[in-house]
Amino acid sequence: MIAAVVLELRARHPGSLQNSSGTAAHGVWFRHLEDLDASLSTHLHTGSDRPKPFTLSPLTGLPPAREGVLRFEAGQAAQLRVCTLSAALTRLLPHWLNALPPELEIGGTHWQVAARCTAPAQHPHAGLTSYLELREQAQARRPAPHCWSLEFLTPTAFNGLNTPFPFPLPDSAAVSWLRRWKAFSSDPLWPSFSEAEF
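Attention in this report is confined to the structure presented alongside it. (Residues numbered from 1 in each chain as written. Predicted model: local features only at pLDDT ≥ 70, side-chain atom pairs only at ≥ 80, totals over all residues. Heavy atoms only, no water.)

## Regarding the environment of Asp187
Filter applied, for reference: Helix and strand labels come from DSSP, where a helix needs a run of H or I of at least four residues and a strand needs a run of E of at least two; each type is numbered from the N terminus. Each residue is assigned to one of three classes by its accessible area relative to the maximum for its type, calculated with a 1.4 Å probe on protein chains only: buried under 20%, partly exposed between the two thresholds, exposed over 50%. Residues count as neighbours in contact if any of their non-hydrogen atoms are within 4.5 Å of one another.
Its location among the elements puts Asp187 in the segment after α5 (170-184). The exposure class of Asp187 is partly exposed, given its relative accessible area of 25%. A sequence separation of 85 residues divides Asp187 from Pro102, and the C-alpha atoms of the two residues are 38 Å apart. Once residues within four sequence positions are removed from consideration, Asp187 is found in contact with Leu132, Arg135 and Trp181.

## Side note on the side chain of Gln79
Under the convention used in this document: Any pair of N or O atoms that falls within 3.5 Å is considered a polar contact. Within protein, one atom must be able to donate a hydrogen and the other to accept it, and sequence-neighbouring residues count only if both atoms are side-chain atoms.
Relative to the elements of secondary structure, Gln79 occurs in strand β5 (residues 77-84). Judged by its relative accessible area of 18%, Gln79 is buried. Reaching out from Gln79, the side chain makes a polar contact with the side chain of Glu8 at a distance of 3.3 Å. Ignoring sequence-local partners within four residues, the contact set of Gln79 consists of Val6, Leu7, Glu8, Ser57, Pro58, Leu59, Thr60, Gly61 and His123.

## Description of the packing of aromatic side chains
Stated formally: Ring pairs shown here join Phe, Tyr and Trp side chains whose ring centres sit within 6.5 Å, with only the six-membered ring taken for Trp; geometry is labelled stacked below 30 degrees between planes, edge-to-face above 60, and tilted in between.
Here the structure, examined in full by the defined rule, presents five aromatic pairs. Consider the rings of Phe72 and Trp111, whose centres lie 4.8 Å apart with planes at 45°: the pair is tilted. On the criterion of sequence distance, the pair formed by Phe72 in strand β4 (residues 69-72) and Trp111 in strand β7 (residues 109-117) is long-range, its members being 39 residues apart. Considered together, Phe72 and Trp111 belong to a single accessibility category, that of buried residues. Site record: aromatic cluster; members linked through ring pairs are Trp29, Phe30, Phe54 and Trp96.

## Quick word on helix α3 (residues 87-99)
Just so we agree on the cut-off: Expected helix span is taken as 1.5 Å per residue step, with the number of steps being one fewer than the number of residues. Here the bend at a residue is taken as the angle between two axes, fitted respectively to the seven residues that end there and the seven that start there.
Under the 1.5 Å per step criterion, the end-to-end length of α3 is 19 Å for 13 residues, consistent within 8% with the ideal 18 Å. At Leu93, α3 shows its strongest bend, of approximately 30°, with the proline Pro94 following within four residues. Considered for burial, the residues of α3 that qualify are Leu89, Thr90, Leu92, Leu93, Trp96 and Leu97.

## Remarks on the side chain of His32
Note that His32 resides in helix α1 (residues 22-36). Not counting the four nearest positions on each side in its chain, His32 is found in contact with Trp96, Leu100, Pro101 and Leu104.

## Structural notes on the state of the cysteines
As a reminder, the rule being used: Any cysteine sulfur atom paired with another within 2.5 Å is treated as part of a disulfide.
Under the definition given, this model contains zero disulfides. Note on Cys83: no disulfide assigned, nearest cysteine sulfur contributed by Cys117 at a separation of 15 Å. Given the relative accessible area of 9%, Cys83 is considered buried.

If you want it as structure tokens, here you go:
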């Protein structure tokens with residue numbers, strides 16, 4: 001199963017964050033995951049060669065950065081999205097969500113949790129699905145698309161051989177998605193689908 005939750009946040013005080021709030025968002029995820037399962041949190045944080053079974057957005061909805069700093073006023077709205085890609089982490093996600101305090105510290109700034117969105121009716125980027133459902137939706141499209149149109153909702157970087165790339169290379173992105181599918185789904189994407197096709 002795949003789950004996505006969106007936290008609707010409000011700034012308690014005026015403040016600022018560095019241009020990328022992604023590191024601070026990871027801090028929130030791991031700090032509260034450790035409270036539920038310290039060994040899992042350590043394992044996910046220290047990593048392995050396997051793809052990570054989650055994705056996190058930076059804070060979205062903030063004013064544009066100036067000179068590398070995001071400045072905001074009290075009451076500023078922001079969102080933080082957490083997506084789990086493995087069945088085990090998806091089962092843990094509701095517990096993580098329910099255990100969150102009413103106020104979060106993110107990068108030294110304080111945010112009220114105004115809403116915990118778990119379904120598309122609450123936020124268009126929240127919801128629950130399965131790999132099988134995704135595959136069936138893709139197979140139902142006839143004729144099959146020969147190209148995809150993608151929209152990145154947050155700043156996105158891709159791992160390169162020696163350094164991150166600030167833009168997606170189509171073959172690298174597709175291979176990365178395929179690797180995650182293989183790592184976390186028991187349902188094959190397509191029987192003949194392989195990395196060699198990219």
